[in-house]
Amino acid sequence: MKEHFEQLVKSRQSCRNFNDKPLDKSTVEEIARLSMLCPSACNSQPWKMYLVTSPEKVYNTAVALGLNGHNKFLSGAKAFIVLAEKQATLKPGVRFDRNHFVKYDIGELLAYVTLSAKSMGVESCIIGMVDQALIGDAVGLKEGELCNVAVALGYSDAPLREKKRKLESEVIEIV
């Protein structure tokens, strides 16, 4: 089990060169189904995942995420999972701000989306540059929803890059 997870995290990388292989809508749906199992503060699940699979919507979403001409590689993405933040609804008596953990919960959901995709042979790239008006139009965000991040999905023929990370001694301290 550990070996499988280790291989999964070592082989997951941000893809910026998607190939032309189509991505089935059912595969995107399965990635989302697996991802929705991720934990959140008080099980609030303060998100909605918009699955973008039709060519027209994929194009419009790529434009919304290509803020000021950045992220040109998104034209090759075959689908997107757009993550909308929603106000957290917590149990009565909870003593912290309802939305204190939303950003952390969305971050964990991102990890589940990218690792679920990789487990199914799908490459991904997290996109954090979002034109709010365009993304709202592209996916139909509801009132009170905010999108700060999305995941581009597709396949790639690119070889696995060497992971360059800081030394363990720089990021891990045993106390």
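Scroll up to find the structure.
This one's a predicted model, so the numbers in the text were calculated from it and none came from an experiment.

Observations regarding the overall build of the protein chain
From N to C terminus, the protein chain includes six helices and four strands. Taken from the N to the C terminus, the helices and strands of the protein chain come in the order α-α-β-α-β-α-β-α-β-α. Taken over the C-alpha atoms alone, the protein chain extends approximately 50 × 45 × 30 Å along its principal axes. Counted over contacts in the protein chain with a minimum sequence separation of 6, partners at least 24 positions apart contribute 79%. Carbon and sulfur atoms form 54% of the exposed surface of the protein chain, whose accessible area is close to 10,800 Å². Across the protein chain, the 23 positively charged side chains and the 21 negatively charged ones have centroids separated by 1 Å.

Quick look at the sheet that holds strand E4 (residues 146–154)
Whether parallel or antiparallel, the strands of a sheet pair through hydrogen bonds between backbone atoms. Read across the sheet, four strands follow the order E1-E2-E4-E3 without closing on themselves; strand pairing throughout is antiparallel. Each edge of the sheet is formed by a strand with only one pairing partner; in this case those strands are strand E1 (47–52) and strand E3 (123–127). In this sheet, neighbouring strand axes are inclined to one another by 20° on average, regardless of whether the strands run parallel or antiparallel. As judged from the six bridges shared by E1 and strand E2 (residues 79–85), these two strands associate in the antiparallel manner. Paired with Val-52 across the bridge in E2 is Phe-80. Strands E1, E2 and E4 of the sheet are contacted by helix H2 (residues 25–35), whose axis makes an angle of about 165° with E1.

Focus: the packing of helix H3 (residues 55–65) against helix H5 (residues 132–139)
Describing two packed helices takes the angle between their axes plus the distance from one axis to the other. Put simply, H3 and H5 touch, their axes get as near as 8 Å, and they point 170° apart. When the axis of H3 is compared with that of H5, the two are roughly antiparallel. Read as a crossing pair, H3 and H5 show a hand that is left-handed. In contact with Lys-57, Asn-60, Thr-61, Val-63, Ala-64 and Leu-65 of H3, H5 contributes Leu-134, Ile-135, Asp-137, Ala-138 and Val-139. Considered class by class, the residues forming the contact of H3 with H5 number seven nonpolar, two polar and two charged.

How each quantity is defined
- Residues numbered from 1 in each chain as written.
- Predicted model: local features only at pLDDT ≥ 70, side-chain atom pairs only at ≥ 80, totals over all residues.
- Heavy atoms only, no water.
- Helix = DSSP H or I, 4+ residues; strand = E, 2+ residues; numbered from the N terminus.
- Contact = heavy atoms within 4.5 Å.
- Areas by Shrake-Rupley, 256 points an atom, 1.4 Å probe, with all protein chains shown as cover.
- Lys, Arg positive; Asp, Glu negative; His and termini not counted.
- Charge placed at Lys NZ, Arg CZ, Asp CG, Glu CD.
- Pairing = 2+ DSSP bridges.
- Axes fitted to C-alpha atoms, helices over the stretch in contact; angles between N-to-C directions.
- Parallel < 35°, antiparallel > 145°, perpendicular 65-115°, else oblique.
- Left-handed = near helix turned anticlockwise from the far one by under 90°.
- Nonpolar A, V, L, I, M, F, W, Y, C, P; charged D, E, K, R; others polar.

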